[in-house]
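# A closer look at the structure
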Amino acid sequence: MTRDNITLLAFDTSAAHCAAAVFADGAVQHAATEPMAKGQAERILVLCQEMLAQSELTLEGISAIGIGVGPGNFTGIRISVSAARGLALALGVPAIPVSTFEMLCAPDAPEAVAHELVVVGAPRDAAYVQRLTQGRPVSEPELIDPTAIPTHFAQTGLCVTGHMAETIAAQLGAQARPCQVENPAGTIARVAAWKYAQGYDMGKPPAPLYVRAPDAAPARDTPPIILP
């Protein structure tokens, strides 16, 4: 299968937004991103329906779902991944996970870069990093200090892509490709279509990609007394 005969719905709530897009006939047909700190659970499927309607498609007409799995907002990722898994099960189509690292690779030709270290901004001035080879992850993501990058990431022909790329590349003697995701769902759609065409393993349902534990802490209120 090639990208030209894939019809795909993509969506994402991994950051403070709702984003949805439709990919068909080898290109993104319609895409929208709405800034949103709260309310993604109520809005995301409605936005998906709006993008399908603009593309003159229905849910029954899609062949796959592309879904952003982070790293990003803990609760937001769970919202979209849960929705994608439910839709995929109901429609009998695969749900293809796309990480933020994969989104920062060249979405129309991820295989173009042989050795890439992709960097995603993290809380508290830290960064998430992952190695990719020709668009495919080859290591587990790590949390690092971008001003003191571990030397084991150094590699001949390395390209550092994404957040603080120039700062990190200078430390590793590598090339830099600073970039950020401008169209989340549209990018997810293109990467998911590429993975589908490349024969991505559809056996596992998508799951959130968490590099660090959530910041949530137990409530400090005194628990209620349970009467016998």
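Criteria and cut-off values
- Residues numbered from 1 in each chain as written.
- Predicted model: local features only at pLDDT ≥ 70, side-chain atom pairs only at ≥ 80, totals over all residues.
- Heavy atoms only, no water.
- Helix = DSSP H or I, 4+ residues; strand = E, 2+ residues; numbered from the N terminus.
- Buried < 20%, exposed > 50% of the residue type's maximum accessible area, 1.4 Å probe, protein only.
- Contact = heavy atoms within 4.5 Å.
- Expected span 1.5 Å × (residues − 1).
- 1 Å grid on protein atoms, 1.4 Å probe; cavity = no way out; pocket = protein on both sides within 12 Å on 5 of 7 lines; lining within 4 Å.
- Points joined across faces, edges and corners; volume = space filled by probe spheres on them.
- Nonpolar A, V, L, I, M, F, W, Y, C, P; charged D, E, K, R; others polar.
- Phe/Tyr/Trp six-rings, centres within 6.5 Å; stacked < 30°, edge-to-face > 60°.
- Pairing = 2+ DSSP bridges.
- Axes fitted to C-alpha atoms, helices over the stretch in contact; angles between N-to-C directions.

## Some thoughts on the side chain of Ser-99
- In this structure, Ser-99 sits in the loop between strand 5 (95-98) and helix 3 (100-104).
- Here Ser-99 falls in the buried class, since its relative accessible area comes to 6%.
- Other than its neighbours up to four places away in sequence, Ser-99 contacts Val-69, Gly-70, Gln-130 and Leu-209.

## Structural notes on the environment of Gly-61
- When you line up the elements, Gly-61 lands in the loop between helix 1 (40-54) and strand 4 (64-68).
- According to the relative accessible area criterion, Gly-61 is partly exposed, its value standing at 38%.

## Topic: helix 1
- An ideal rise of 1.5 Å per residue puts 21 Å on 15 residues; helix 1 measures up with 20 Å between its terminal C-alpha atoms.
- Among the structural elements, strand 1 (8-12), strand 2 (17-24), strand 3 (27-35) and helix 2 (74-91) are those in contact with the buried residues of helix 1.

## Quick word on empty space enclosed by the protein
- Inspection of the entire model under this criterion finds one cavity of 30 Å³ or more.
- Here the largest cavity defines a volume of roughly 30 Å³.
- Lining of the largest cavity is provided by Glu-102, Cys-105, Pro-110, Gly-135, Val-191, Trp-194 and Lys-195.
- Broken down by element, the lining of the largest cavity gets its largest block of residues, three residues, from helix 5 (residues 184-197).
- For the lining of the largest cavity, the class distribution of residues is four nonpolar, one polar and two charged.

## Considerations on the packing of aromatic side chains
- With the rule as written, the count across this model stands at one aromatic pair.
- Ring geometry for Phe-74 versus Tyr-210: centroids 4.6 Å apart, planes at 25 degrees, classification stacked. A residue pair is termed long-range when its members are at least 10 positions apart, and Phe-74 in helix 2 and Tyr-210 in the segment after helix 5 qualify at 136 residues.
- We classify Tyr-210 as partly exposed; its relative accessible area is 31%.

## Remarks on the sheet that holds strand 4
- Pairing in this open sheet of five strands is mixed, and the strands run 3-2-1-4-5 from one edge to the other. At either margin of the open sheet sits one strand with a lone partner, and together these are strand 3 and strand 5. Sheet twist, expressed as the mean angle between neighbouring strand axes with direction ignored, is 15 degrees.
- Across four bridges, strand 1 lies against strand 4 in parallel orientation. Residue pairing in the sheet places Leu-8 in a bridge with Ala-64 of strand 4.
- Here helix 1 sits on the sheet in contact with strand 1, strand 2 and strand 3, set at roughly 25 degrees to strand 2.
- In the packing of helix 5 onto the sheet, the strands contacted are strand 1, strand 2, strand 3, strand 4 and strand 5, and the crossing angle to strand 1 comes to about 135 degrees.

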